[in-house]
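# Report on the structure
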Amino acid sequence: MGLFENTLFLFCFMILAIFHSCDAQNSPQDYLVVHNNARGQVGVGPMSWDDALATKAQRYADSRRGDCNLIHSGPGENLAKGSGDFTGRRASELWVAEKPNYNYGTNQCASGKVCGHYTQVVWRTSIRLGCGRARCNNGWWFICCNYAPFGNIIGQRVWRNSVRLGCSRARCNNRWWFISCNYDPVAIFHSCEAQNSPQDYLAVHNDARAQVGVGPMSWDANLASRAQNYANSRAGDCNLIHSGAGENLAKGGGDFTGRAAVQLWVSERPDYNYATNQCVGGKMCGHYTQVVWRNSVRLGCGRARCNNGWWFISCNYDPVGNWVGEPKMGLFNMSLLLMTCLMVLAIFHSCDAQNSPQDYLEVHNDARAQVGVGPMSWDADLESRAQSYANSRAGDCNLIHSGSGENLAKGGGDFTGRAAVELWVSEKPNYNYDTNECVSGKMCGHYTQVVWRDSVRLGCGRALCNDGWWFISCNYDPVGNWVGQRPY
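Residues numbered from 1 in each chain as written. Predicted model: local features only at pLDDT ≥ 70, side-chain atom pairs only at ≥ 80, totals over all residues. Heavy atoms only, no water.

### Looking at the overall build of the protein
Heads up, the condition is: By definition, any uninterrupted DSSP run of H or I lasting at least four residues is a helix, any uninterrupted run of E lasting at least two residues is a strand, and each is numbered from the N terminus. Categorising residues by exposure relies on relative accessible area from a 1.4 Å probe, with only protein chains included: less than 20% of the type maximum marks a residue as buried, more than 50% marks it as exposed, and the intermediate range marks it as partly exposed. Contacts are assigned to residue pairs with any non-hydrogen atoms lying within 4.5 Å of each other. Where accessible areas are quoted, they stem from the Shrake-Rupley method and a 1.4 Å probe; at the residue level, only the protein chains shown are allowed to cover.
Counting its regular elements, the protein contains 15 helices and 20 strands. Residue burial in the protein is summarised as follows: out of 488 residues, 42% are buried. Across the protein, the fraction of contacts at a sequence separation of at least 24, relative to all contacts at a separation of at least 6, is 66%. A total of about 24600 Å² of accessible surface is found on the protein, and carbon and sulfur atoms cover 57% of it.

See below:
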């Protein structure tokens, strides 16, 4: 019985250690440390914990378990969500990471950036804090922090709280004095509108087009009306599902503007190889190529607020671009029938090349070779199981595990199997071999399963979800990620 007692003790100790580790990242002190460090950096006094605010935050977090949507319940509130063991400390660090996006001189976020979470963290008069954390039905964590008195008052500075204003004074005929003060919230609202005007959409498009020698676009009211109607129709789910050809879509939180959306599309430029007339392997470039498509000379865009608080942006182009086989800045000089055939062949060849067993194996085995672990081989039974599970998740696309020895991922656009495995392998820096643990607050379990020495057979599946995203599942045998064992 001695061995059993020792085993039982070790098991209990392991459970206590795990809970202690989790609690250590989600205690009031963890939230406060990150908040007060950020406040100290700008000369703002510390916050203290408020149990009433914490109760309120926990109650709201619990109420969001069903959908895990980041919808605010009111002012003075920061929200975050994340997968794995997403902690309160990590959420606070995420908010503070917005610091570079805040310009103290203008008292505004940098163009197209989000900074409101950070400004609430360091708001000088917000001196009480309470937070809650709940596990959503999809396996993610929802974190809510409430602040009192609440911050982010328009027209006030974050850590000086001075209102910028201009005033004038006049003597009335009855000898009284009349005083008028104008506040710069007006300028702030004007600034927001200025980020979503036709000129804003056109300016970013035409700058990008000029860089490759393509003429400017002009605004088209009919296209704008069509884009706005479609954006409005997507307010319920905010899913990036195309309504047809010649259309770019984007969505974002905070005050996600039309200008920011176009900048996002243009940022794909490095992913387009003009010499091969293709996107760089596994990357997206179709939004950019539509922006600079020479024959697309008319533009119309729309923007709608989704029910989850995000913004949905749609831009329509005429004539439509992205004809397969034609240089992105070139002329259409083939028959429509030939173009259609080439498009179908090219799409199937491209997709298959990124989702074949060899694609999954190649990225896995490259990562394994880097740490001296032998290669995996493909297993048809594991593939069948993975594909069946991916198909079963097409309805909700939620990353909920079906069991052990399984890696999951999802993504928009043409999210491929190769891209999914590269995503898992990108967790490598988060794994500390010496301690055999993930770096604090980081995820590394997908990577450790990829390189787990005893896992020698692999099978994967990929399914298109109802919301237009791709769900990818890989199964491993024998299963890895055993507590107390090293991956290699």
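### Comments concerning the state of the cysteines
Here, disulfide denotes a covalent bond that connects the sulfur atoms of two cysteines. Here is the rule we go by: Two cysteine sulfur atoms make up a disulfide if the distance between them is within 2.5 Å.
One pass over the full model with this rule turns up 9 disulfides. With its sulfur 2.0 Å from that of its partner, cysteine 109 forms a disulfide with cysteine 115. Negative torsions about the S-S bond denote left-handed disulfides, and the value of about -80° found for cysteine 109 with cysteine 115 makes this one left-handed. For cysteine 109, a relative accessible area of 34% translates into the label partly exposed. Across the disulfide, cysteine 438 is cross-linked to cysteine 444 (sulfur-sulfur distance 2.0 Å). Sign of the S-S torsion, about -80° for the bond between cysteine 438 and cysteine 444, identifies this disulfide as left-handed. On the accessibility criterion, cysteine 438 (33% relative accessible area) is partly exposed. The thiol sulfur of cysteine 144 is not disulfide-bonded, and the nearest other cysteine sulfur, from cysteine 145, lies at 6.7 Å. For cysteine 144, a relative accessible area of 0% gives the class buried.

### A few points about the sheet that holds strand E15 (residues 377–378)
Test applied: Any two strands with at least two DSSP bridges between them are considered paired. Inter-axis angles, ranging from 0 to 180 degrees, are taken between N-to-C directions of lines fitted to C-alpha atoms, where helices are fitted over the stretch in contact.
Read from one edge to the other, the open sheet built from 4 strands follows the order E15-E19-E20-E16, with strand pairing classed as mixed. Edge strands, defined here as strands with exactly one partner in the open sheet, are E15 and strand E16 (406–411). Sheet topology places strand E19 (residues 457–464) next to strand E20 (residues 470–477); 8 bridges connect them, and they run antiparallel. Counterpart to arginine 462 in the pairing with E20 is isoleucine 472. Strand contacts of helix H12 (residues 357–370): E15, E19 and E20, with the helix running at about 125° to E19, the strand carrying the most contacts. Taken strand by strand, helix H13 (residues 380–392) contacts E15, E16, E19 and E20, and its axis lies near 25° from that of E19.

### Focus on the sheet that holds strand E14 (residues 311–318)
As summarised here, the arrangement of the 4 strands in space is E9-E13-E14-E10, forming an open sheet in which the pairing is mixed. Looking along the sheet, the strands with just one partner apiece sit at the ends: strand E9 (218–219) and strand E10 (247–252). Here strand E13 (residues 298–305) pairs with E14 via 8 bridges, running antiparallel. Counterpart to glycine 300 in the pairing with E14 is asparagine 316. Across the sheet, helix H8 (residues 221–233) lies against E9, E10, E13 and E14, angled at about 25° from E13, the strand it touches most. Against the sheet, helix H9 (residues 258–266) contacts E10, E13 and E14, and its axis sits at roughly 65° relative to E14.

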